[in-house]
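This is what each chain is made of:
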Amino acid sequence: MDDSDAAPGARVGVRDVARAAGVSTQTVSRVINQHPNIRPETRDRVLRVIDDLGYRVNNAARTLGTRTTRTLGVIASDATLYGPAVGIAALEAAARDAGRWIATAYADASVEASVRDAADRLLAQGVDGLIVLAPHAATLTALTDAHPGVAIAALHTGSGAERQEAGAALAISHLVALGHRRIGRVAGPGEWLEARSREAGMLRALADAGVEPGPRWSGDWTAADGAALAPAIVAEVRTAGGPTAIAAANDQMALGLIAGLREAGVDVPGDVSIVGFDDNPDAAYYRPALTTVGLDLRGEARRAVAEVLGEAASVPAPPRLVVRASTAPPR
């Protein structure tokens, strides 16, 4: 940290804060680093002075003194998609609640070298651990193998993957409860761990209900790809014995699919029910409004942050089914 005396227009340092608060520079450092053995009135006085003087922590110097930057690295990809975008926001809030900040590096999650380069850049900044968003199986393994001494977590692995599966199972169980027995699926990209978890949950729920899996298509998470799949799905829906319901692995693909079906004259939910996953903020405003599954993203983010920090965290809320107009009993 900068501990030089302040001059007009110069950066405020620790000595300036200590002098104004009437404490030692060591006490100021302890307050900044959240040392537990500081009297509350002293801590409050120092924090007021820090705010009044506009003091800013020099993280490079803090690292020298405490071996921590209080910053977590986040490796993100496909941030234009709803899931990764809200994941970054949730991680930022969870880190802030834990007294940390995040530094984000973007990478192509399907390319091992890109992910490793993003990790190297973050680790060079002295981050205290890494959290990976939207991970691919191979690149996540390569990352953990390359940095065995670094705390690494992924937003939707471990117990997070279990809740992804449970959420996808909720979507299928809802369709089965409505009376559907011919259920198709639009899966996400097979290399994404989230897509694998959601696929596993759908298949488990179908097996538990004694329902044979219907036709399956795969998309890239985008609405455009959902729309591009519509002609093939329309052909199946109009075939005798074709699917009466489709479970999409995310809301964006469901949105595109609904648009494509409507353009082809297929009524949702009259001819085919559609259910999505993510409960993005626009899902209630689709036409018809989309039945979907929501996850406790803030809870998942708190779990990932706690995992990297080696701390205990509360268990995220279970996934929830949000029933809207896009699903109905089969005709």
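Preceding this section is the structure that the text describes.
The present account deals with the structure reproduced in this document.

Reading the values: the criteria
- Residues numbered from 1 in each chain as written.
- Predicted model: local features only at pLDDT ≥ 70, side-chain atom pairs only at ≥ 80, totals over all residues.
- Heavy atoms only, no water.
- Buried < 20%, exposed > 50% of the residue type's maximum accessible area, 1.4 Å probe, protein only.
- Helix = DSSP H or I, 4+ residues; strand = E, 2+ residues; numbered from the N terminus.
- Pairing = 2+ DSSP bridges.
- Right-handed = clockwise from strand over helix to strand, strands pointing away.
- Contact = heavy atoms within 4.5 Å.
- Salt bridge = Lys/Arg side-chain N within 4 Å of Asp/Glu carboxyl O.

**With respect to the pairing of strand β7 (residues 245-248)**
By the alternation rule, side chains of β7 split into Ala245 and Ala247 and Ile246 and Ala248, which are all buried. Pairing of strand β5 (residues 183-187) with β7, which is carried by 4 bridges, proceeds in the parallel orientation. By the bridge assignment for β7, Val186 is matched with Ala248. Across 3 bridges, the pairing between β7 and strand β8 (residues 273-275) is parallel. Note that in β8 the partner of Ala245 across the bridge is Ser273. Between β7 and its parallel partner β8, the chain crosses via helix α11 (residues 251-263), and the hand of that crossover is right-handed.

**A word on the environment of Val127**
With respect to the secondary-structure elements, Val127 resides in the loop between α6 (112-124) and β3 (130-132). You can call Val127 buried: its relative accessible area is 10%. Once residues within four sequence positions are removed from consideration, Val127 is found in contact with Thr69, Thr71, Leu72, Gly73 and Leu122.

**Regarding the pattern of salt bridges**
Under the definition given, this model contains 14 salt bridges. Arg163 is the partner of Glu300 in a salt bridge, and the nearest nitrogen-oxygen pair spans 2.5 Å. One end of the pair, Glu300, is in helix α12 (residues 297-309); the other, Arg163, is in helix α8 (residues 159-178), with 137 residues separating them in the sequence. Of the two residues examined, Glu300 and Arg163, each falls in the buried class. Note that Arg303 and Glu300 form a salt bridge whose closest N and O atoms lie 3.2 Å from each other.

In short, geometric facts, not functional conclusions.
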